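Topology and contacts: notes
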Amino acid sequence: MGLVRWQHLTSPFKLLWVIVAFTFVEEFILHAFKLSQDQTLIIYRIYTVVAFTLYYSIFFKLFKKSFSKIFSLLSILSAFIVSFIAPITFEENSVFPSLPIFVCVSLLIINSLLSFYEMLLFPSRIKLAYSSNFWLNTLNLFYWSSTLVFFGSYNLAMKSDFNIDPYLNVHNVLGILYYLGLAYVLYLDRHYPSSPNPARL
C-alpha cells in the first residue's frame, strides 16, 4: 500500500513506510538465512538504532512546538548513545539488546504522548477515526508498551530458564496487528492528510 501511494504520502509518513519496509527486510533475513546467534544479535542491534531513529524523525516532522522537536532530537541522540555504549559498558554483544530497546521504546512512548498533547493544543478538523496521527500514536502506545515489558526483561527470563514461548507467541500476534494497523495509517495519510498543506517530498 505504501509503495503504490508513496508519491501521495506526507513527509513524516514516508519515513513510516521506510520503517515498515526495513522491518520486513530484517525479518526476512532472520528467517530465511541460517544465522549464528552473534549474527542475529548484531542485526537486532542495527535494527534498533535505525528503526527508532526513523520513528523519532517522524515525530520531529510532526511536532510544532520547539520543546517537542528538541525532545525528538535528543531521543535520536540517546538511541545512538545507548546502542553503541551498552555493548561496551552494560551488556555484552552476545546478549539480546534489552537495555537499548528499553530506553528506545520508553522514549518512543514519551514522543507519542507528546504528540497526543500537541493534538490537543492544535486541533485538526479531521475526525479522530480518520486521523493518521491519532492512530499512529495509539498503535505505538499499545504495541510498544507490551514490547517494553517483554523485551525489557528478556535476558533476565533467559537466565532464569523461564519459558517465554507463550508470551513470545502473543507478542508476535500483537506485532502482526501492529503492522496491519500501520498499513491503515498509511492509507489514512493518503486520503486524510493531517494538515491542510502537508509537507511532501
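In this text, all values refer to a predicted model and were calculated from it rather than measured experimentally. (Residues numbered from 1 in each chain as written. Predicted model: local features only at pLDDT ≥ 70, side-chain atom pairs only at ≥ 80, totals over all residues. Heavy atoms only, no water.)

With that settled, the discussion passes to the packing of aromatic side chains. The full count for this structure, using the stated rule, is 16 aromatic pairs. Relative to tyrosine 55, the ring of phenylalanine 52 has its centre 5.9 Å away and its plane inclined at 45°; by these criteria the two rings are tilted. Of this pair, phenylalanine 52 and tyrosine 55 are both found in helix H2 (residues 37-62), three residues apart, which corresponds to roughly one turn of the helix. Summarising the burial analysis for this pair, phenylalanine 52 and tyrosine 55 share the class buried. Where tyrosine 143 meets tryptophan 144, the ring centres are 4.9 Å apart and the plane angle is 70°; that geometry is what we call edge-to-face. (Phe/Tyr/Trp six-rings, centres within 6.5 Å; stacked < 30°, edge-to-face > 60°. Helix = DSSP H or I, 4+ residues; strand = E, 2+ residues; numbered from the N terminus. Buried < 20%, exposed > 50% of the residue type's maximum accessible area, 1.4 Å probe, protein only.)

The geometry of H2 relative to helix H4 (residues 98-121) is characterised by a closest axis approach of 10 Å and an angle of 15° between their N-to-C directions. On the basis of their axis angle, the class for H2 and H4 is roughly parallel. At the point where H2 passes H4, the crossing takes the left-handed sense. Contacts between H2 and H4 involve Arg45, Thr48, Phe52, Tyr55, Tyr56, Phe59 and Leu62 on the former and, on the latter, Pro100, Ile101, Cys104, Val105, Leu107, Leu108, Asn111, Ser112, Ser115 and Glu118. The class makeup of the residues in the contact of H2 with H4 is eleven nonpolar, four polar and two charged. (Axes fitted to C-alpha atoms, helices over the stretch in contact; angles between N-to-C directions. Parallel < 35°, antiparallel > 145°, perpendicular 65-115°, else oblique. Left-handed = near helix turned anticlockwise from the far one by under 90°. Contact = heavy atoms within 4.5 Å. Nonpolar A, V, L, I, M, F, W, Y, C, P; charged D, E, K, R; others polar.)

A few words on the packing of helix H1 (residues 11-32) against H2. Packed helix pairs are specified by the crossing angle of their axes together with the interaxial distance, meaning the distance between the axes. Orientation of H1 relative to H2, taken along the N-to-C sense of each, is 170°, at an axis distance of 9 Å. It follows that H1 is roughly antiparallel to H2 by the angle criterion. Across from Ser11, Pro12, Phe13, Leu15, Leu16, Val18, Ile19, Phe22, Thr23, Glu26, Ile29 and Leu30 in H1, the residues of H2 making contact are Thr40, Ile43, Tyr44, Tyr47, Val50, Ala51, Leu54, Tyr55, Ser57, Ile58, Lys61 and Leu62. A per-class count over the contact of H1 with H2 returns 18 nonpolar, four polar and two charged.

The subject of this paragraph is the confidence of the model for the protein. The share of residues in the protein with pLDDT of 70 or more is 80%, and the mean pLDDT across the chain is 83. Within the protein, H4 carries the highest mean pLDDT (92), whereas helix H6 (residues 154-159) carries the lowest (62). Predicted confidence is poor over residues 195-201, with pLDDT under 50, and the contacts of this stretch with residues over four places away or in other chains come to twelve contacts. (pLDDT = per-residue confidence, 0-100.)

On the surface, Val170, Val173, Leu174, Ile176, Leu177 and Leu180 cluster together into a nonpolar patch covering about 560 Å² of accessible area. Structurally, leucine 177 can be placed in helix H7 (residues 165-191). (Patch = residues over 30% accessible without salt bridge, like charges linked within 9 Å, V, L, I, M, F, W, Y side chains within 5 Å. Areas by Shrake-Rupley, 256 points an atom, 1.4 Å probe, with all protein chains shown as cover. Salt bridge = Lys/Arg side-chain N within 4 Å of Asp/Glu carboxyl O.)

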